[in-house]
2 protein chains.
Amino acid sequence: MRLTRAGEYAVRCMIYLSHKGVGVLVSKQEIAERADIPTHFLAKIAQDLARAHLIEIRQGPKGGYSLLKDPAEVSLLEVVEVMIGEIYLNDCVGRPETCPASKRCAVHKVWEDARDQLRETLAGVSFAQLSEKESCIPVFPVHKKG
Amino acid sequence: MRLTRAGEYAVRCMIYLSHKGVGVLVSKQEIAERADIPTHFLAKIAQDLARAHLIEIRQGPKGGYSLLKDPAEVSLLEVVEVMIGEIYLNDCVGRPETCPASKRCAVHKVWEDARDQLRETLAGVSFAQLSEKESCIPVFPVHKKG
DNA sequence: ATATATGAGATATTAAATATCTTATTTATC
DNA sequence: GATAAATAAGATATTTAATATCTCATATAT
Ligand code: SF4
Ligand code: SF4
């Protein structure tokens, strides 16, 4: 019942890029340092974000990542689910076929409602909102390159 | 972002006992079969439920488990958290010391609110309510003993 | 006393998350 | 075009957690 590190890192990456604005190219190294993400792990995460058309990856010298979509149009839910798949709290909500009772189970309904409520909450938060407010980015220590 | 099997099984066990009523002794075998829980796994789960004073365990011939508390006084949240610990969706909500930004992070606040909302939803459902409605129990196939 | 049923903890197995490594590709600059 | 800089993509470790099972101990009805 917790977000994976990959999910958390993806959010940080998107927040950093949202601060910079749409289309602004930022190097992987800079994001990794300022958002406190292991460099190689960020590479993997960026691939997922790019596949989802949230960011664009540019190779070569002066390469890096840039935001593709207006932060106002990107929700926290979207980024989280790109990384961990659709949220469903209990297995039977995402895969009803795994439990023969799912069609008539009172507990199932509770988990379904809770899932819907959670997804709505996360869908209601955009990266524009998040980057207007105080975020984590200024807090993380800047590490030495290496 | 999903419930563990142990959590799901604990809920099933509690539902089965709620159907029987407070103080009614039911054998481990019967619960394991009717609620479709691996027998040895149920033993482990029952220990946790007993430690939390939700059920009483009786050893010896004609032993088994019995409900200790009125199902109206036991919430879904309580049983789930006995098994998986306090729900917190993102690490930093349960352990703010793991992220230096937690005090001033807009994302952190979203996860906190979502966590509170989810816990409230689960706290609002009692096992009395659940056992009044249709549940999973009549659906599971009855296996042969062995 | 005996047989039955569970306790409690240890151990094994499986699966997932996390992190890193290697080889390949892209592209700015010379 | 050649070179060097930066990331891609996938493979491979490593770590951690979940899941399941096993073993020896304990309780109790008969
Ligand atoms: S018993 Fe109900 S809550 Fe549990 S897995 Fe089946 S459908 Fe879901
Ligand atoms: S950056 Fe914010 S949301 Fe992410 S771990 Fe830190 S406090 Fe939590």
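Structure first, text after, so check above.
Quantities reported herein were computed from a predicted structural model and do not represent experimental measurements.

1. A look at the side chain of A:Ser102
Here is step 1: Inspection of the secondary structure puts A:Ser102 in the loop between α5 (91–94) and α6 (106–123).
Here is step 2: Ignoring sequence-local partners within four residues, the contact set of A:Ser102 consists of A:Pro96 and A:His108.

2. Overview of the site of ligand 2
Here is step 1: In the neighbourhood of ligand 2, the contacting residues comprise A:Glu8, A:Arg12, A:Cys136, A:Phe140, B:Asn90, B:Cys92, B:Cys99, B:Ser102, B:Cys105, B:Val107 and B:His108.
Here is step 2: Those chains with residues close to ligand 2 are chains A and B.
Here is step 3: At a threshold of 2 Å from the grid points, most atoms of ligand 2 map onto the largest cavity.
Here is step 4: Elements that contribute at least two residues to the shell around ligand 2 include exactly α1 (5–20) of chain A together with α6 (106–123) of chain B.

3. A few points about empty space enclosed by the protein
Here is step 1: Applying the stated criterion to the full structure yields one cavity of 30 Å³ or more.
Here is step 2: Reported here for the largest cavity is a volume of approximately 100 Å³.
Here is step 3: Taken together, 14 residues line the largest cavity, and the ones lying closest to its centre are A:Glu8, A:Cys136, B:Cys105, B:Val107 and B:His108.
Here is step 4: For the lining of the largest cavity, the secondary structure elements donating two or more residues are α1 of chain A together with α6 of chain B.
Here is step 5: Ranked by residues supplied to the lining of the largest cavity, first place goes to α1(A) with four residues.

4. Regarding the interface of chain A and chain B
Here is step 1: Counting residues at the interface gives 38 residues for chain A, matched by 38 residues for chain B.
Here is step 2: Of the roughly 3500 Å² buried at the junction of chain A and chain B (both faces included), carbon and sulfur atoms supply 69%.
Here is step 3: The tally of links from chain A across to chain B stands at three salt bridges.
Here is step 4: Between B:Arg2 and A:Asp91 there is a salt bridge whose closest N-O contact spans 3.1 Å.
Here is step 5: Counting every contact that joins chain A to chain B gives 14 residue pairs in polar contact (both at pLDDT 80 or more).
Here is step 6: Mapped by element, the contributors of at least two residues to the side of chain A that touches chain B are α1, α4 (76–84) and α6 of chain A.
Here is step 7: No other element matches α6(A), which puts nine residues into the side of chain A that touches chain B.

5. Some points on the layout of surface pockets
Here is step 1: By volume, the largest pocket amounts to about 150 Å³.
Here is step 2: Lining the largest pocket are 17 residues, and of these A:Asn90, A:Cys92, A:Cys99, B:Glu8 and B:Arg12 sit closest to its centre.
Here is step 3: Those elements that place two or more of their residues in the lining of the largest pocket are α5 and α6 of chain A together with α1 (5–20) of chain B.
Here is step 4: No other element matches the four residues that α1(B) contributes to the lining of the largest pocket.
Here is step 5: Taken together, the residues of the lining of the largest pocket sort by class into nine nonpolar, four polar and four charged.

The rules behind the values
Residues numbered from 1 in each chain as written. Chains lettered and ligands numbered in written order. Predicted model: local features only at pLDDT ≥ 70, side-chain atom pairs only at ≥ 80, totals over all residues. Heavy atoms only, no water. Helix = DSSP H or I, 4+ residues; strand = E, 2+ residues; numbered from the N terminus. Contact = heavy atoms within 4.5 Å. Near = heavy atom within 4 Å. 1 Å grid on protein atoms, 1.4 Å probe; cavity = no way out; pocket = protein on both sides within 12 Å on 5 of 7 lines; lining within 4 Å. Sits in = over half its atoms within 2 Å of the grid points. Points joined across faces, edges and corners; volume = space filled by probe spheres on them. Buried area = accessible area lost by both parts, 1.4 Å probe. Salt bridge = Lys/Arg side-chain N within 4 Å of Asp/Glu carboxyl O. Polar contact = N/O pair within 3.5 Å; in protein donor to acceptor, adjacent residues only side chain to side chain. Nonpolar A, V, L, I, M, F, W, Y, C, P; charged D, E, K, R; others polar.

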